[in-house]
Amino acid sequence: MTGRLGQAVGWARQGLLTVGAVLGVACILLTLGAALFGLRPLVFESGSMSPTIKTGDLAISHRVDASSLRKGDIVSVPTGTGTRVTHRIVSMTHEGSDAILALRGDANTATDATPYRVSHADVVLLHVPRVGYVVGWLSGPMGLFLLGLYAAFLVSVLVKRTPQSGSGAGGPGEPLSAEERVVPPSIPARKASARNANDKARLMATGGLSVLLAAGFLAGAGAQSSVTPTLAAWTDQTPITGATLTAYTVPPPPSGTTSAVCAVLSAGSGNEQGVTYSWSSGSTGTLSYATSVSPSTVVLTQSTTVTSGGTTTLTLKYDAPKSPKGTQVTVTVQSSVPSAPTWTSTPVTLGKFTTGAQPSSAPTCG
Amino acid sequence: MTSNLASVGRVLANARTRAALSLGVVMAVGATGTFAYWTDSVPVTGTTFTAGTIDLQVNGADSVSGYTSLNINNMVPGNTVAGTLTIKNNGTAPMKYSATSTSAPAVLSGALTVTVTGASTVTGASPSATCGGTALPGAGSTLGGATAAPLISTGRQLNPGASETICIQVGMPANAASSLQGASSAVTFTFTGTSDLS
């Protein structure tokens, strides 16, 4: 290896180690913080909290009880569907030890469709731009592969022999060969003991690393969710207005003799007398009519309504010999919708007529 | 004191110390699933970033103020009205949309029935217009009053640029009370899109 290249590799190695150590300490502190103080890192998968927090940001949150939550806090809460949403509290009500939160993303025009009932929530303390992308990428297959390589490199540094001052044998990092392990009697005892001390250090380093890795495995198994993805979901609302539905008002027939025209019919066989009432029904559509007369002692033989050409005509015939003579009769009519007989108008008095004094005499209107 | 600082400096400068500290990164990131990935006992779900925005448009607009397809003046029991709406994701990220209905006053609307299908056209004409097909999953059956009622409660996914047409049918049951005569309700539908696809 040439000196210049070797120097460059050395610097790269030193730089990697130093940067790694700084990040490593930060990660260890964060992991400890998560365990001791309920801190939880959150990776923002979407940007509805922008411009405060954008997609790909990493936030540090702190778990607090519902009673400690305040309007305006940015909180992360689990949704019913197993994901997590991080939005700002726009209003809240307390119910016992729970809080019911109405949340809205800063970039959203609408409050989240459903309120969240929580006993505790993760309040966002601070956020770091774009670090979430790094964490997300490192959690992917390529990132895992590179992490594995990086871990292997660290392990190689950890278990490598360090050069001993005063020891001429063996270059730095050169593994012990089988021959070297056999200490020839000609080598001074001082050097042999240095070798033994070196081996011991290497054994200790390897043992320590094994413990560290085992702890890492346990931490990994126990803390699957140390970095939690969170949705700061965009929402967009579109209102549709303008639909007006109005129910039909069943129009009653016109009331009063001025509106309904009364006409006297000529007598039929057996002294059957009758009157008709006609009125303009306009464009109200086809209606059914229920007719009643008062007094009820009038014996009706026909009561039919016919609507034609915008005019409705009610024909009333009665058996004159069996009905009261010279009596004023009130005609009451109620209209209804043919398809919905229960939908009726208010009953109105269509008009009155007076039966003849004799069964053979015709009735008179009014 | 100085020698203490110096020895601390020497320890920190030591490659092994730094290497050991560096393992913290592996541990912390690894905790999200690295080790599970290596042992293949738990699938790595990964983190999906949703960049971009969503823009829910109905009939090509961000708000529709003159939707008159459902208008009816003389509604009697048995009548049905129907109208279609085209929902589009005009944004750059996938979204799911749902819809609710409100109305005021709610006397009439409270007695009406509603259904939503995927039909792209209305069958027949008012006052007996209907929507073909079966009701969409999570379709509501009643209209909301002051409090919103779900119209489409099961989110429907639309990818960027995609659109679909739905058909809303409102009817008055045959047994609607006669006291509803002359009542009127203005109905508002609110469509909400979200980038939360869960």
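All values derive from a computational prediction rather than experimental measurement. (Residues numbered from 1 in each chain as written. Chains lettered and ligands numbered in written order. Predicted model: local features only at pLDDT ≥ 70, side-chain atom pairs only at ≥ 80, totals over all residues.)

K.L.:
Requested: an account of the overall build of chain B, with residues and values cited.
P.N.:
On a plain count of helices and strands, chain B comes out with three helices and ten strands. Going from N to C terminus, chain B has its helices and strands arranged as α-α-β-β-β-β-α-β-β-β-β-β-β. Taken over 198 residues, chain B has a buried fraction of 44%. A sequence separation of at least 24 residues applies to 80% of the contacts in chain B between residues at least 6 apart. (Helix = DSSP H or I, 4+ residues; strand = E, 2+ residues; numbered from the N terminus. Buried ≥ 20, exposed ≤ 12 C-beta atoms within 10 Å, placed from the backbone. Contact = placed C-beta atoms within 7 Å.)

K.L.:
Give me the lowdown on the nonpolar core, citing residues and values where you can.
P.N.:
The biggest cluster of nonpolar side chains holds 66 residues, and the ones touching the most others in it are L245 of chain A together with L112, I168 and F191 of chain B. F44, L58, Y116 and V124 of chain A belong to the second largest nonpolar core, which has 22 residues in total. (Core = buried A, V, L, I, M, F, W, Y, C linked by C-beta atoms within 7 Å.)

K.L.:
I'd like a rundown of the sheet that holds strand β4 (residues 95–104) of chain B, residues and numbers included.
P.N.:
With respect to topology, five strands assemble into an open sheet ordered β2(B)-β9(A)-β10(B)-β4(B)-β8(B), the strand pairing being mixed. Each edge of the open sheet carries a strand with a single partner, namely β2 (72–75) and β8 (149–158) of chain B. Within this sheet the neighbouring strands show an average axis-to-axis angle of 25 degrees, counted without direction. One ladder, built from ten bridges, connects strand β9 (residues 235–247) of chain A with strand β10 (residues 184–194) of chain B; its direction is antiparallel. Considered in β10 of chain B, the bridge of T246 of chain A is made with S184 of chain B. (Pairing = 2+ DSSP bridges. Axes fitted to C-alpha atoms, helices over the stretch in contact; angles between N-to-C directions.)

K.L.:
If you had to explain the sheet that holds strand β11 (residues 272–280) of chain A to someone new, which residues and values would you point to?
P.N.:
Residue and element names in this part refer to chain A. Sheet architecture is open: four strands sit in the order β10-β11-β14-β13, paired in antiparallel fashion. One side of each edge strand has no neighbouring strand; the edge strands of this open sheet are β10 (261–264) and β13 (300–308). Shown here is a sheet whose adjacent strand axes are inclined to one another by a mean of 15 degrees, direction ignored. Bridging between β11 and strand β14 (residues 311–319) involves nine bridges; their strand directions are antiparallel. Directly across from V275, in β14, lies its bridge partner L316.

K.L.:
Describe the pairing of strand β5 (residues 98–104) of chain A, listing the residues and the values that go with them.
P.N.:
All names here are of chain A. Only one face of β5 is buried: it carries A99, L101 and L103, and the other face, with D98, I100, A102 and R104, is open. Counted along the chain from strand β4 (residues 84–95) to the antiparallel partner β5, the turn is two residues long, and its residue G96 has a positive phi close to 65 degrees. Pairing of β5 with strand β6 (residues 116–118), which is carried by three bridges, proceeds in the antiparallel orientation. Within the sheet, the bridge partner assigned to L101 lies in β6 and is Y116.

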